[in-house]
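Survey of secondary and tertiary structure
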Amino acid sequence: MAATAFHQAIGTLQSNGYFNHSGFQQEFGNAASVRLISKGIEADFGLLRGRYSFRKRNFGVIKASTSQISVFDAVSSPANNTATTTTTTTNGSPKISNEAALILIRHGESLWNEKNLFTGCVDVPLTKKGVEEAIEAGKRISSIPVDMIYTSALIRAQMTAMLAMTQHRRKKVPIVLHNESEQAKAWSKIFSKETKKQCIPVTTAWQLNERMYGELQGLNKQETADRYGKEQVHEWRRSYDIPPPNGESLKMCAQRAVAYFKEHIEPQLLSGKNVMIAAHGNSLRSIIMYLDKLTSQEVISLELSTGIPMLYISKEGKFMRRGSPVAPTEAGVYAYTKGLAVYRQKLDEMFQ
Amino acid sequence: MPLSLCSVFFVKWKVPHFLINKLTSLLVVLLIFRMAATAFHQAVGTLQPHGYVNHSDFHQEFGNVSMRLISNSIKVNFGQLRRGSYCSRERNICVIEASTSQTSVFDPVSSPSNNTTNDSRKKSSEAALILIRHGESLWNEKNLFTGCVDVPLTKKGVEEAIEAGRRIGNIPVDMIYTSALIRAQMTAMLAMTQHRRKKVPIVMHNESEQAKAWSKIFSEETKRQCIPVLTAWQLNERMYGELQGLNKQETADRYGKEQVHEWRRSYDIPPPNGESLKMCAERAVAYFKEQIEPQLLSGKNVMIAAHGNSLRSIIMYLDKLTSQEVISLELSTGIPMLYILKKESL
């Protein structure tokens, strides 16, 4: 019913509605045609200009939901859950069997971001700021269940995941899985069932890597404009299917990232496992393109904020975008679903 | 490079806070190390076992430490060897305090005549080797045997890594080696966020042709500003076999206390399907000799971020410790250890 209520709310959203995030203010006036495609309802707000920030879009959505009291009644009333069964497992995490949380985190500032160099698949670590962004992201998801973690093969995404999880309240332990050789597999075995139950497997996958930037990797943006010309560089950076020399286009990146998602991650979500993906701008955009059924025009305008986690709820094969969980210091009005609210309550009880 | 052609020795100490605060340039640091090395050999004879140490934790332990510096031909004992463990950390601080508390030490050093041989030596004959043991991991916190299970750092471990980074902020680093485990890799990368030099660590990828091709850098300028980071399973923690994941109580119950103590503290008795310290040392030291030592000998400054047992193994090799001594060696977490490799032609 929350989904239904949500659709009703959309119609009343004002395009210049109140936003309490200072960053949004100036940008919002020009951007954001928000096209929500679900169950046949489409609502347009304002004009579409060049780029719109994904973050604002989410925010718009959230504000709509929270201003409708009827939404909450729908969520909290047990009658709505007749279609699903709520069982609480022994470790305290409520299992609504056809619902799972999906968290997407884009890593923060890397040492080459700072130097304004094209990074791509060069394995550059985080700056101090990037480390802080990861920890901050972790605080925002500290009460959202995580059963499995997927990261790229690059250290900046792996560190982001591990740093974020240092903030998690549940205290299950992420364990990086090793399959690169028989020895690696054998050497990383755990011999206690009890311990294994408290583990969150972390799988690293090159398919979640940043878009490979070919011969631009390591060049600075000025150097590149000089060498190839400004328009050409802009075309490589912003087109959907034109790759830089010996590199990947966004389309190619999306192909391998979405294929991996469908093959490995989606089945976990469908079986009720809560998943976190820590990856990169382009691999995450690709996945969002799949989740939100965006067109190539829309995805090239999509900008993902760094270090701000995005939450999706996977239910019966559908993905519902639920925006960014608020930081612990902010007053959060709701917990997105009943299941998540119960989980959070259990955590609160554990730490009384 | 055959060691018989030149005499190579390691002078070791840990980097204290006061050096970090006072020095502002790399050159001065290297100079003081070089001077300190020579001065050290002279000072060694006058070091008092109860000298002043400015690190609060050391105080109680310092009185019982025996230090053995093995270089060219000097070996000096300070006080008694305490049975059980001696902390290499104390050893390090002792050395530094000795150098700086003796004003007479600096006089012969500062006079130019002593430095003629130093000045005429090429820079490539000297290299820094930093060893960092990672800090607290999530299983340390839970008191579980970890071994080669890839467990990440706790908040505290993260802070320890950053603190370690502050201590080495002024020491040159040209190459980084870590184990294949995330807690060591993170320790290295977090430490380097504090490094003043601003060269960029880049993790090398050789696991497949694609990985190699995809990580290529296409700017010479940028490549020059890179510090290659190599990950190696040979630097992993000692593999703990069937004890991995068990808690220490569970294990004592299952196998008996004495047996567990033997596995943990002996040199050559492995836990079931695991490695003994001797086996760990074999693969760690082999890797060091084959891959890392040549870099040091060619003048590259190296940092190794690894684990208790792999680092002890390397220290055993550097300091020529016996198996008895190495099993008593306890390495502090998150406190970097510095070795200077000096090469003198005979």
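Computed from a predicted model, the values in this text were never measured in an experiment. (Residues numbered from 1 in each chain as written. Chains lettered and ligands numbered in written order. Predicted model: local features only at pLDDT ≥ 70, side-chain atom pairs only at ≥ 80, totals over all residues. Heavy atoms only, no water.)

1. So, the interface of chain B and chain A
- Counting from both sides, the interface comprises 49 residues of chain B and, opposite them, 49 residues of chain A.
- Together chain B and chain A conceal approximately 3900 Å² of surface at their shared face, both sides included; 68% is due to carbon and sulfur atoms.
- For chain B, the biggest contributors to the area lost against chain A are Asp-150, Trp-214 and Phe-218 of chain B; these three give 17% of the whole.
- Inspection of the region where chain B meets chain A yields zero salt bridges.
- For the side of chain B that touches chain A, the elements supplying multiple residues, two or more each, are α7 (138-142), α8 (155-167), α9 (182-192), β5 (200-203), α10 (209-214) and α12 (248-255) of chain B.
- For the side of chain B that touches chain A, the element with the highest residue contribution is α9 of chain B, accounting for five residues. (Contact = heavy atoms within 4.5 Å. Buried area = accessible area lost by both parts, 1.4 Å probe. Salt bridge = Lys/Arg side-chain N within 4 Å of Asp/Glu carboxyl O. Helix = DSSP H or I, 4+ residues; strand = E, 2+ residues; numbered from the N terminus.)

2. Brief notes about the packing of α8 of chain B against α9 of chain B
Residues and elements named next belong to chain B.
- Across the interface, α8 lies against α9 with an axial gap of 7 Å and an inter-helix angle of 45°. Our classification of the angle between α8 and α9 gives oblique. Once α8 is placed against α9, the crossing between them reads as right-handed. Where α8 approaches α9, its residues Val-158, Ala-161, Ile-162 and Gly-165 are matched on the opposing element by Thr-187, Leu-190 and Ala-191.
- Counted by class, the contact of α8 with α9 contains five nonpolar, two polar and no charged residues. (Axes fitted to C-alpha atoms, helices over the stretch in contact; angles between N-to-C directions. Parallel < 35°, antiparallel > 145°, perpendicular 65-115°, else oblique. Left-handed = near helix turned anticlockwise from the far one by under 90°. Nonpolar A, V, L, I, M, F, W, Y, C, P; charged D, E, K, R; others polar.)

3. Remarks on the sheet that holds strand β4 (residues 99-106) of chain A
Residue and element names in this part refer to chain A.
- Strand order in the open sheet formed by seven strands is β6-β7-β5-β8-β4-β10-β11, and the pairing between neighbours is mixed. At either margin of the open sheet sits one strand with a lone partner, and together these are β6 (173-176) and β11 (318-321). Strand after strand, the sheet turns through a mean of 25° between neighbouring axes, direction not considered.
- The pairing of strand β5 (residues 148-151) with strand β7 (residues 199-204) spans three bridges and is classified as parallel. Bridging across to β7, Thr-151 finds its partner in Thr-204.
- Together, β4, β8 (275-279), β10 (310-315) and β11 form the strand contacts of helix α13 (residues 281-292), whose direction differs from that of β4 by roughly 150°. (Pairing = 2+ DSSP bridges.)

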